[in-house]
Amino acid sequence: MRLWLKIKILSKYGSQRAFALACNRSDDWISKIIVGRKDPDETEKKMIAAKLGIDYQEELFINQTR
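Here the residue numbers are simple positions, counted from 1 along each chain's written sequence. In view of the model being predicted, local features appear only for residues whose pLDDT reaches at least 70, and side-chain atom pairs are presented and counted only at 80 or more, with totals across whole chains, interfaces and linings using the full set of residues. In computing side-chain properties, one takes all heavy atoms of the structure into account and sets aside hydrogens as well as water.

Each helix is a run of DSSP H or I of at least 4 residues and each strand a run of E of at least 2, with the numbering of both proceeding from the N terminus. Summing up its helical and strand segments, the chain has four helices and zero strands in all. Moving toward the C terminus, one meets the helices and strands of the chain in the order α-α-α-α. Atoms counted for the radius of gyration: C-alpha only. Globule rule: 2.2 Å times residue count to the power 0.38. The C-alpha atoms of the chain give 10 Å as radius of gyration, which agrees with the globular expectation for 66 residues (11 Å, within 12%). Counting only C-alpha atoms, the chain reaches 30 × 25 × 20 Å along its principal axes. With 66 residues in all, the chain has 32% of them scored as buried. Residue exposure ignores everything except the shown protein chains as possible cover, and the areas themselves are Shrake-Rupley values with a 1.4 Å probe. Carbon and sulfur atoms provide 52% of the accessible area of the chain, an area that totals close to 3900 Å². Between the centroid of the 13 positive side chains of the chain and the centroid of its 9 negative side chains there is a distance of 5 Å. Burial status follows relative accessibility: with a 1.4 Å probe on protein chains alone, a residue under 20% of its type maximum counts as buried, one over 50% as exposed, and anything between as partly exposed. Here the positive residues are Lys and Arg and the negative ones are Asp and Glu; neither His nor the chain ends is included. Taken as the charge centre is NZ of Lys, CZ of Arg, CG of Asp or CD of Glu, depending on the residue.

Next comes the structure, spelled out in structure tokens:
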């Protein structure tokens, strides 16, 4: 699980669903990224960081369960 990513999303958007909508993506898309079943590509990583209003940080996408 990418716990830091989840915390950042919830603190800014209140829910994963609200974040997914802001990204024009499905709830399933961000859920898979957070739980570690999908690794975002570089474009997605940059878009996620931009939507969160933070500088791109690779640490945001470290899967702590691996």
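Following the sequence through the fold, Glu44 ends up in helix H4 (residues 42-52). Exposure remark for Glu44: the relative accessible area of 8% places this residue in the buried category. Contacts: residue pairs with any heavy atoms within 4.5 Å of one another. When residues no more than four places from it in sequence are discounted, the contact partners of Glu44 are Arg25, Trp29, Lys38 and Asp39.

The next thing to look at is the pattern of salt bridges. Whenever Lys or Arg places a side-chain nitrogen within 4 Å of a carboxyl oxygen from Asp or Glu, that contact is recorded as a salt bridge. Evaluation of the coordinates by the stated rule reveals seven salt bridges. Notably, a salt bridge pairs Lys45 with Glu42, separated by 3.6 Å at the nearest N-O pair. Remark: Glu42 and Lys45 occur in helix H4; sequence separation between them is three residues, near one turn of the helix. Judged by its relative accessible area of 10%, Lys45 is buried. Taken together, the shared-partner salt bridges connect Arg25, Lys38 and Glu44 into one network.

Let us now look at the side chain of Asn63. Secondary-structure assignment places Asn63 in the segment after H4. At 2.7 Å, the side chain of Asn63 and the backbone nitrogen of Met1 are in polar contact. Leave out the neighbours within four places in its chain, and Asn63 touches Met1, Arg2, Val35 and Gly36. Polar contacts, as counted here, are pairs of nitrogen or oxygen atoms within 3.5 Å of one another; within protein the pair requires one atom able to donate a hydrogen and one able to accept it, and residues that are adjacent in sequence qualify only if both atoms are side-chain atoms.

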